[in-house]
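What follows is the residue order along each chain.
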Amino acid sequence: MSNTLISLEKVSLHYTEDARAGVTEIDFSIKKGDFVAIVGESGSGKSTLLKIIFGLLAPDSGEVFFKGRHLEGPHEKLIPGHDSMKMLSQDFNLNIYARVYENIESMLSNEDLKGKKQKAADMTKLLGIEHLANKKIVELSGGEQQRVALARAIITEPEVLLLDEPFSQLDALLKTQFRADLKHLCDHLGITIIMVSHDPVDGLTLSNKMIILKEGKLIESGSPEEVYANPSHIYTAKLLGNAFVLPAEEARVLGIRTKMNTVMIYPEWVQLKSGWSSRSYLVKEVFFKGFYEDLLLERNGIELIAINQKPGGYEKGDRVQVQLGRYLEFD
Ligand code: ADP
Ligand code: MG
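In this convention, every chain numbers its residues from 1, walking through the sequence in written order. Here every chain gets a letter starting at A, and every ligand a number starting at 1, in the order they are written. Residues qualify for local features only when their pLDDT is at least 70, as the model is predicted, and side-chain atom pairs are given and counted only at 80 or more; totals for whole chains, interfaces and linings, by contrast, use all residues. Working from all heavy atoms in the structure, the side-chain values ignore hydrogens and water.

> Mind showing me how you'd approach the overall build of the protein chain here?
Looking only at helices and strands, the protein chain features 9 helices and 18 strands. Dimensions along the principal axes, computed over C-alpha positions, put the protein chain at roughly 80 × 45 × 40 Å. Relative accessibility decides the category of a residue: with a 1.4 Å probe and only protein chains considered, values under 20% of the type maximum give buried, values over 50% give exposed, and everything between is partly exposed. Counting only residues that meet the buried cut, the protein chain has 47% of its 331 residues in that class. In what follows, a contact means two residues having at least one pair of non-hydrogen atoms within 4.5 Å. A separation of at least 24 residues holds for 64% of the contacts in the protein chain among residues at least 6 apart in sequence. Accessible area of the protein chain: about 17,000 Å², with a carbon and sulfur share of 48%. In this tally, Lys and Arg are treated as positive and Asp and Glu as negative; His is ignored, and so are the chain termini. Where a charge lies is defined by one atom per residue type: Lys uses NZ, Arg uses CZ, Asp uses CG and Glu uses CD. Between the averaged position of the 39 positive side-chain charges in the protein chain and that of its 46 negative side-chain charges there is a distance of 3 Å. Secondary structure is summarised from DSSP: a helix means a run of H or I of at least four residues, a strand means a run of E of at least two, and numbering begins at the N terminus for each. Surface accessibility follows the Shrake-Rupley procedure with a 1.4 Å probe radius. Residue values consider only the protein chains on display as shielding.

> What exactly am I supposed to notice about the environment of Asp 91 here?
When you line up the elements, Asp 91 lands in the loop between strand 6 (85-88) and helix 2 (100-105). Judged by relative accessible area, which is 59%, Asp 91 ranks as exposed. Taking the C-alpha atoms as reference, Asp 91 lies 22 Å from Ile 191; in sequence the two are 100 residues apart.

> Please explain the domain arrangement of the protein chain as it appears in this structure.
If you check the domain split of the protein chain, you get domain 1 (1-84 + 158-233), domain 2 (92-156) and domain 3 (242-330). The centre of domain 1, based on its C-alpha atoms, is set 35 Å off from the matching centre of domain 3. Tallying the contact residues gives 6 residues for domain 1 and 7 residues for domain 3. Here the buried area means the combined drop in accessible surface, using a 1.4 Å probe, for two parts upon being joined, counting both sides. Here domain 1 and domain 3 share an interface that buries about 460 Å² over both sides, 50% of which is from carbon and sulfur atoms. Area buried by domain 1 at its contact with domain 3 is led by Tyr 228, Ala 229 and Pro 231, which between them contribute 76% of it. Note: domain ranges come from an automatic or database domain assignment.

Below is the structure:
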């Protein structure tokens, strides 16, 4: 028995004649319990793909399957959106003058009133908003409202939770908390999560499968470790990390012998050494980042960024030696 939950076969949808306005021949599958991150630059088709998976948009061609069965599009159903899925929308969709517990309880039927109260209480506990249960939504911060919206989305126990840019309203601290909540949901409740984000860190941190979209096409997919460390495309490296991309002739200036057209280096692959040699680099700029520094280095007009793990050791104008621990070559 395969445990494939959702699969897409050559799914295309184009809003206009422009082939980039939409998605083209997307193929991939999702297993139960997966945390999938759909990543790509703005306009690459992420939201379109999510809406197709949910059944809010019907593909022009190709097909989506849920548990091996055709997934119905908006014209085939009375209420668009798959019954086993919930989408956490960016506008939260909360009744802002009602209380937190009312917003959450209203998702459940009245058949079992006691069970309903208990379930809503459990959910507020799970998401750490018990103390807010009697507050009105208008009295909450953006981050708190987002938790209530998440509680509403998952209290009906959907098999799949769809998230479109779930972190866009949160500051850094809340973002970290909310990431932990999602990870918890996926690991402990076994909910399959499909998340769209323009911030690659969200995908790298949370997902077990990343889908990289460029101009409506799926250009590669794999575990975060795979696609980060061994990207098949420079686009992916630039999207996920602080990749430095050098044409072959510039790479040769740095002592890299390559027969390919382009070389890509992440800052953490540039290892710093003290001392002087004929192959030294000039420290052009030091960017303090708290517990580390980015050093902008230059040699014969070619620039590179290196990470210095021990801030304070280098100054603008210093000379350093570097070892390129690793680099990738591209055509
Ligand atoms: P993303 O979520 O990655 O930013 P979208 O899926 O929203 O991208 O959009 C992909 C492309 O399709 C973009 O070029 C966008 O302008 C276009 N697009 C999205 N929605 C519509 C629409 N309703 N009508 C026409 N073009 C659209
Ligand atoms: Mg979008």
